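An overview of the molecular structure
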Amino acid sequence: MSTAFEFPNTGKTIRLGRILRPRDRRAAVVAFDHGLHLGVIPGVDRPGDMLEQLAEAGADAFLVAPGTARRFASVFTGRGAPGLILRVDWTNRWRSPEMLGSPEGRGRMIATVEGAAQLGADAVLTYLFLGYNDPDAEARQVEEVARLAEACEALGIGCIIEPMARGERADHDIYRPEFIALGARIACEIGADVLKTDYSGSAESFRGVTAAAFRPVLIAGGPKTETVRAALAMVRDALDAGACGMFIGRNVFQAPDPARMMAVMRGIIHEDWTVERALEALE
């Protein structure tokens, strides 16, 4: 059995089993933390309704900020409820300058592993940005993330790290496979149990990322794609390259029919649907 899925910590085994389905060790996760970084965008204006709708459609877990976890705890309560992944850091990187953002951006931790445990979280998730113009800023973030991983180990909470090539030194080519693989390996060495990574654009190039990681890799959906086919193909190709699923937000909750899109993504991930089969299900 692959060591990528062995969690000797009993607490982690139980909690991560609520995210990665034990039968196939894959996960269809909805990233729903956008309000923390961007404020109100389409699809997150009525968070309770959207969370309930996507949970009913088969989301394995949700990535949410602390406020959403507290306010909508009922979504994560009861037998068969989706897993809860808590975003524990914040950044001003994603906002436009017109919305008081910063071109390179900086982030800070906003929650602790102890607080996540009190909220009932199965795992925590944090960014790990590589490519800042200030090397000390990168080093400080590595230190913070490593401490977070140690706290997760102590409490048996899953540690999910999201390495991203960002900042002035990386922004010219953020989806370069070598950059994504670099971040993936560093995150594994720091102590990640699961990774959320950028997708390099093709199955062929992404195989280098999954080969570099010795933990399960789930791709980030990124900005909303131009077509539904592009979103479906991205997930299908990533799985074919060795990924274990997705963290996708806007391509699900901003779809014309979010519940159907969620169900189709689940079909690709857990039933190995082809893109054509998925498109037929959306007709």
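To be clear, the structure that these remarks concern was listed above.
The shown structure was predicted, so the numbers you read here are calculated from the model rather than taken from an experiment. (Residues numbered from 1 in each chain as written. Predicted model: local features only at pLDDT ≥ 70, side-chain atom pairs only at ≥ 80, totals over all residues. Heavy atoms only, no water.)

**Brief notes about the side chain of T210**
Here is the rule: For helices the rule is a DSSP run of H or I covering at least 4 residues; for strands it is a run of E covering at least 2, with both sets numbered from the N terminus onward. Relative accessibility decides the category of a residue: with a 1.4 Å probe and only protein chains considered, values under 20% of the type maximum give buried, values over 50% give exposed, and everything between is partly exposed. Within 3.5 Å is the distance limit for a polar contact, defined as a pair of N or O atoms, with the added protein rule that one can donate a hydrogen and the other accept it, and that residues adjacent in sequence qualify only through two side-chain atoms. Residue contacts are defined here by distance: any two heavy atoms, one from each residue, within 4.5 Å place the two residues in contact.
Looking at the element boundaries, T210 is found in helix α8 (residues 203–212). Take T210: its relative accessible area is 17%, and that puts it in the buried class. A distance of 3.1 Å separates the side chain of T210 from the backbone oxygen of R207, its partner in a polar contact. Discounting chain neighbours no more than four positions away, the residues touching T210 are V217, A241, G242 and A243.

**Re the nonpolar core**
For clarity, the threshold we go by: Nonpolar core, defined: a set of buried Ala, Val, Leu, Ile, Met, Phe, Trp, Tyr and Cys residues in which side-chain atoms within 4.5 Å join the residues together.
By size, the foremost hydrophobic cluster in this structure holds 74 residues, and its most contacted members are F62, I219, L232, V235, M246, M262 and M265. Looking at which element gives the most residues to this core, the answer is helix α11 (residues 258–271), with seven residues. Those residues within four positions of F62 in sequence are excluded, and the remaining contacts are V29, V30, L51, L54, A55, V75, F76, P82, G83, L84 and I85.

**Remarks on the pairing of strand β9 (residues 217–220)**
Rules: Criterion used throughout: strands pair if DSSP finds at least two bridges between them. By convention a crossover is right-handed if, when the strands point away from the viewer, the path from the first strand over the helix to the second runs clockwise.
Note that strand β8 (residues 194–197) and β9 share three bridges and pair parallel. Looking at the pairing, L195 lines up with V217 of β9. Once you follow β8 into α8 and on to β9, the crossover reads as right-handed. Bridge count between β9 and strand β10 (residues 245–248): two bridges; the pairing is parallel. Following the sheet pairing, A220 is matched in β10 by F247. Handedness of the crossover joining β9 and β10 through helix α9 (residues 228–240) is recorded here as right-handed.

**Digging into the sheet that holds strand β6 (residues 123–130)**
Applicable threshold: For helices, the fitted line uses only the C-alpha atoms of the stretch in contact; every axis is such a line through C-alpha atoms, and the angle between N-to-C directions lies from 0 to 180 degrees.
What the eight strands build is a closed barrel, ordered β1-β2-β3-β6-β7-β8-β9-β10; its pairing is parallel. Across the sheet, the mean angle separating the axes of adjacent strands is 25 degrees when strand polarity is ignored. Alignment of strand β3 (residues 83–87) against β6, held across three bridges, turns out to be parallel. Looking across to β6, one finds that L86 is bridged to V124.

**Comments concerning the packing of α9 against α11**
Each pair of packed helices can be summarised by the angle the axes make with each other and by the distance between the axes. Note the following rule: For classification purposes, an angle smaller than 35 degrees is called roughly parallel, one larger than 145 roughly antiparallel, one from 65 to 115 roughly perpendicular, and anything else oblique. Helix crossings get a hand from a simple test, with the near helix turned counterclockwise from the far one by less than a right angle marking a left-handed crossing and a clockwise turn marking a right-handed one.
Contact geometry of α9 with α11 gives a least axis separation of 10 Å together with a crossing angle of 25 degrees. Accordingly, the angle class assigned to the pair α9 and α11 is roughly parallel. In this structure, the crossing between α9 and α11 has a hand that is right-handed. In this structure, α9 contributes V228, A231, L232, V235, R236 and L239 to the contact, and α11 contributes M261, V264, M265, I268 and I269.

**Describing the pattern of salt bridges**
Where we set the bar: Salt bridge, as used here: a side-chain nitrogen of Lys or Arg that lies within 4 Å of a carboxyl oxygen of Asp or Glu.
Enumeration over the complete set of coordinates arrives at 21 salt bridges. Of the charged contacts in the structure, one is a salt bridge between R87 and D33, with a shortest N-O distance of 2.9 Å. Of this pair, R87 sits in strand β3 while D33 sits in the loop between β1 (27–31) and α2 (34–38); the two residues are 54 residues apart in sequence, bridging distant segments of the chain. Per residue, the accessibility class of R87 equals that of D33, and both read buried. E178 serves as the salt-bridge partner of R176, at 3.3 Å between the closest nitrogen and oxygen. Given the relative accessible area of 33%, R176 is considered partly exposed. It is possible to trace a salt-bridge network through shared partners that takes in D33, R87, D89, E162 and K196.

**Details of the state of the cysteines**
As a reminder, the rule being used: For this text, the term disulfide refers to a pair of cysteine sulfurs within 2.5 Å.
Scanning the entire structure with this criterion turns up zero disulfides. Of all cysteine sulfurs in the structure, the one in C159 sits closest to C152, which takes part in no disulfide; the separation is 4.3 Å. Residue class for C159 comes out buried when judged on its relative accessible area of 0%.

**Overview of the packing of aromatic side chains**
Here is the rule: Pairing of aromatic side chains requires ring centres within 6.5 Å, counting the rings of Phe and Tyr and the six-membered ring of Trp. Pairs whose planes differ by under 30 degrees are stacked, by over 60 edge-to-face, and all others tilted. Consider the ring centre and the ring normal. A charge sits over the ring if Lys NZ or Arg CZ is within 6 Å of that centre and within 35 degrees of that normal.
One pass over the full model with this rule turns up seven aromatic pairs. Taking 5.1 Å as the distance between ring centres and 55 degrees as the angle between the ring planes, the aromatic pair formed by Y199 and F206 counts as tilted. Residue classification places Y199 among the buried positions, given a relative accessible area of 9%. Members of the aromatic cluster, joined through ring pairs, are W94, Y127, F129 and Y132. Here the basic side chain of R87 rests over the ring of Y127, its NZ or CZ set 3.8 Å away from the ring centre. Above the face of the W273 ring, R277 is positioned so that its terminal group lies 4.1 Å from the ring centre.

In short, the description is geometric, and any link to function would need to be established separately.
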